[in-house]
Amino acid sequence: MTSQDELKKQTGYKAVDDYVESGMVVGLGTGSTAYFAVERLGQKLKSGELKDIVAIPTSIRTKEQAESLGIPLVTLNTHSKLDVAIDGADEVDPDLNLVKGGGGALLREKMVEVCADKF
């Protein structure tokens, strides 16, 4: 794993470790950093460290990854209030504003972000 990939993994894992608690509704972003957050969430659910989590994926790719890890999924139609959403950014400007790319998941990412108490 390259050093950049290792940093993305550390960031994704830390986001889950620091912000996700049992019983939460979690938004799952899309991209290389979010991939590792989904991986970590799956690990913690499988080990029993986290329980009663449901998640809302922002893309088909994230949905497929979450399903493969046994993460229970819901939609914004059934859960319009999220406790936390975890996603990466393509850039961070000097004022610490996150800049997202224009990929196919951008609309769903923004919808999930707006519905989350923490992002």
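(A) Molecular detail of the environment of Thr11. Within the secondary structure layout, Thr11 lies in helix H1 (residues 3–19). Take Thr11: its relative accessible area is 48%, and that puts it in the partly exposed class. C-alpha of Thr11 to C-alpha of Thr33: the two residues are 22 residues apart in sequence and 7.1 Å apart in space.

(B) Spatial organisation of the pairing of strand E3 (residues 82–86). Of all five residues that make up E3, four are buried, and the element is covered over most of its length. Bridge count between strand E1 (residues 25–28) and E3: three bridges; the pairing is parallel. Directly across from Leu28, in E3, lies its bridge partner Ile86. The pairing of E3 with strand E6 (residues 116–118) spans two bridges and is parallel. Each bridged residue has a counterpart across the sheet, and for Val84 the counterpart in E6 is Lys118.

(C) Geometry of the pattern of salt bridges. Taken as a whole and assessed by the stated rule, the structure comprises six salt bridges. Note that Asp117 and Lys81 form a salt bridge whose closest N and O atoms lie 2.6 Å from each other. With Asp117 in strand E6 and Lys81 in the loop between helix H3 (60–68) and E3, the pair connects residues that are 36 residues apart, well separated along the chain. For the pair shown, Asp117 and Lys81 are each scored as exposed. If you follow the salt bridges from partner to partner, you end up with Asp17, Arg40, Lys44 and Glu49 in one network.

(D) Local environment of H3. Three or more residues of H3 are buried, namely Thr62, Gln65 and Ala66. In an axial view of H3, the angular spread of the buried residues amounts to 95 degrees, which keeps them on one side of the axis. Opposite its buried face, H3 presents the exposed residues Ile60 and Ser68, each directed more than 90 degrees away. The secondary structure elements touched by the buried residues of H3 are E1, helix H2 (32–47) and strand E2 (54–57). Just past H3, the residue Gly70 takes up positive phi, approximately 80 degrees.

Calculation notes
- Residues numbered from 1 in each chain as written.
- Predicted model: local features only at pLDDT ≥ 70, side-chain atom pairs only at ≥ 80, totals over all residues.
- Heavy atoms only, no water.
- Helix = DSSP H or I, 4+ residues; strand = E, 2+ residues; numbered from the N terminus.
- Buried < 20%, exposed > 50% of the residue type's maximum accessible area, 1.4 Å probe, protein only.
- Pairing = 2+ DSSP bridges.
- Salt bridge = Lys/Arg side-chain N within 4 Å of Asp/Glu carboxyl O.
- Arc of directions from axis to C-beta.
- Contact = heavy atoms within 4.5 Å.

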